[in-house]
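# Structural characterization, general
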Amino acid sequence: MSQQNPESRWFGEKSVTPEQKTGMVINVFDSVADSYDIMNDLMSMGVHRLWKDQFVRQIRPRPEYSYLDVAGGTGDIAFRIRKATGGAAKITVCDLNGEMLRVGRDRATDRGWLNDFDWVVGNAENLPIEDESVDVYTIAFGLRNVTHIDKALADAHRVLKPGGRFFCLEFSHVDEPLLAKIYDAYSYRVIPKIGQMVAKDRDSYQYLVESIRKFPKQKALQGRLYDAGFGKAMVKNLSFGVAAIHEAWKF
Ligand code: SAM
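As the structure is a prediction and not an experimental result, all values here were calculated from the model.

Thresholds applied
Residues numbered from 1 in each chain as written. Predicted model: local features only at pLDDT ≥ 70, side-chain atom pairs only at ≥ 80, totals over all residues. Heavy atoms only, no water. Helix = DSSP H or I, 4+ residues; strand = E, 2+ residues; numbered from the N terminus. Buried < 20%, exposed > 50% of the residue type's maximum accessible area, 1.4 Å probe, protein only. Lys, Arg positive; Asp, Glu negative; His and termini not counted. Salt bridge = Lys/Arg side-chain N within 4 Å of Asp/Glu carboxyl O. Polar contact = N/O pair within 3.5 Å; in protein donor to acceptor, adjacent residues only side chain to side chain. Contact = heavy atoms within 4.5 Å. Axes fitted to C-alpha atoms, helices over the stretch in contact; angles between N-to-C directions. Parallel < 35°, antiparallel > 145°, perpendicular 65-115°, else oblique. Left-handed = near helix turned anticlockwise from the far one by under 90°. Nonpolar A, V, L, I, M, F, W, Y, C, P; charged D, E, K, R; others polar. Near = heavy atom within 4 Å. Pairing = 2+ DSSP bridges.

## Thoughts on the side chain of Asp 69
As for its position among the elements, Asp 69 is in strand E3 (residues 66-70). Lys 52 provides the closest opposite charge to the buried, unpaired Asp 69, separated from it by 8.8 Å. In terms of polar contacts, Asp 69 uses its side chain to reach the side chain of Thr 138, at 2.8 Å. Residue contacts for Asp 69: discarding those within four places in its chain leaves Ile 77, Ala 78, Thr 92, Val 93, Cys 94, Thr 138 and Ile 139.

Written as structure tokens, this is what we have:
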């Protein structure tokens, strides 16, 4: 990045101001909300479902806990937690984008689950959630879209109860060089084309691919979790690092 201005942020490959980035991210998800679920299946060939299943297994959901799914979008993680807890847990879905939540609410209604969640519009950097009120904080494929990652980590720490756990599922970095090359070719050449064909929106999917490359590597994110006050930060690669789960504790 031509980082003369320390405040500037990446929007894909473009350097923009923090305010611009937040507005652009809202536009991207406004634009993709209706095709988001089908695009996820097409782009990942269904693998995102396995990653999300693994993510929720790692959380080991229990009905007596309260859950906050940040950047919860159309509800994929919240629905899995709901399923695992039989509808008994308190689950809040928070997202910057009202359109993504609208699609999520419609999906919950179709399943007869509308009243099983609180749907809240809010920014991960400044959550409309009380201090120390949540047992489990989750964020899946959301953190790389956040303008100030460290502010989001600090706010996750703020809302968690002592003894609470943080979980992040995010695209990450492949450590095997040949695989990294193949993955790069697929994501730069194929994903924007699928975005163009299915969602009629090449730019948003180009952004999604580029934002993955700019996201901190596994160890770097682990370090930033410690900087935000978390303890016992662990990372687990999925599919050779195409995605990774970060877990950490608030003590
Ligand atoms: N978690 C869902 C999933 O795994 O399918 C949705 C992931 S989607 C790729 C990213 C979501 O992050 C979008 O719904 C977007 O609106 C949301 N988002 C982006 N920046 C955010 C922020 N600063 N605070 C809260 N949500 C944000």
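## Description of the packing of helix H6 (residues 149-159) against helix H9 (residues 218-227)
Packing of H6 against H9 leaves a shortest axis separation of 9 Å and a crossing angle of 50 degrees. The angle between H6 and H9 falls in the class oblique. Both H6 and H9 take part in a crossing whose hand is right-handed. Contacts between H6 and H9 involve Ile 149, Asp 150 and Leu 153 on the former and, on the latter, Leu 221, Arg 224 and Leu 225. For the contact of H6 with H9, the residue count by class is four nonpolar, no polar and two charged.

## Brief notes about H6
Among all positions of H6, only Ile 149, Ala 152, Leu 153, Asp 155, Ala 156, His 157 and Val 159 are buried. Residues of H6 that are buried sit in contact with E3, strand E6 (134-140), strand E7 (160-171) and H9.

## Side note on the site of the ligand
Taken together, 18 residues are adjacent to the ligand, and Tyr 36, Ala 71, Asp 95, Ala 124 and Ala 140 come closest. Asn 123 places a side-chain nitrogen or oxygen 2.9 Å from a nitrogen atom of the ligand. The backbone of Ala 140 places a nitrogen or oxygen atom 2.8 Å from a nitrogen atom of the ligand.

## Remarks on the pattern of salt bridges
Tallied over the entire structure, the rule returns 18 salt bridges. When the shortest N-O distance is used, the salt bridge between Asp 34 and Arg 102 registers 3.2 Å. Taken as a pair, Asp 34 in the loop between helix H1 (18-32) and helix H2 (36-44) and Arg 102 in helix H5 (residues 98-110) lie far apart in primary sequence, 68 residues in all. Residues Lys 161 and Asp 135 are paired through a salt bridge, measuring 3.3 Å at the closest nitrogen-oxygen approach. Taken together, the positions of Lys 161 in strand E7 and Asp 135 in strand E6 put the pair 26 residues apart, joining distant regions of the chain. The exposure class of Asp 135 is buried, given its relative accessible area of 16%. Overlapping salt bridges bring together Asp 34, Glu 99, Arg 102 and Asp 106 as one network.

## Some thoughts on the environment of Thr 138
Along the polypeptide, Thr 138 turns up in strand E6. A relative accessible area of 0% means that Thr 138 is categorised as buried. When the C-alpha positions of Thr 138 and Leu 127 are compared, they lie 13 Å apart, and in sequence the two are 11 residues distant. When sequence neighbours within four positions are dropped, the list of residues in contact with Thr 138 reads Phe 55, Ile 59, Leu 68, Asp 69, Val 70, Ile 77, Ile 81 and Phe 167.

## Side note on the side chain of Arg 144
Note on placement: Arg 144 falls in the loop between E6 and H6. Only 2.9 Å separates the side chain of Arg 144 from the side chain of Ser 211, close enough to count as a polar contact.

## Considering the sheet that holds E6
Ordered by their spatial adjacency, seven strands build an open sheet running E5-E4-E3-E6-E7-E9-E8, and the pairing between neighbours is mixed. Edge strands, defined here as strands with exactly one partner in the open sheet, are strand E5 (117-121) and strand E8 (231-238). When the angles between neighbouring strand axes are averaged without regard to direction, this sheet yields 15 degrees. Where E3 and E6 come together, four bridges link them in parallel fashion. Paired with Asp 69 across the bridge in E6 is Thr 138.

Geometric values such as these leave the question of function open.
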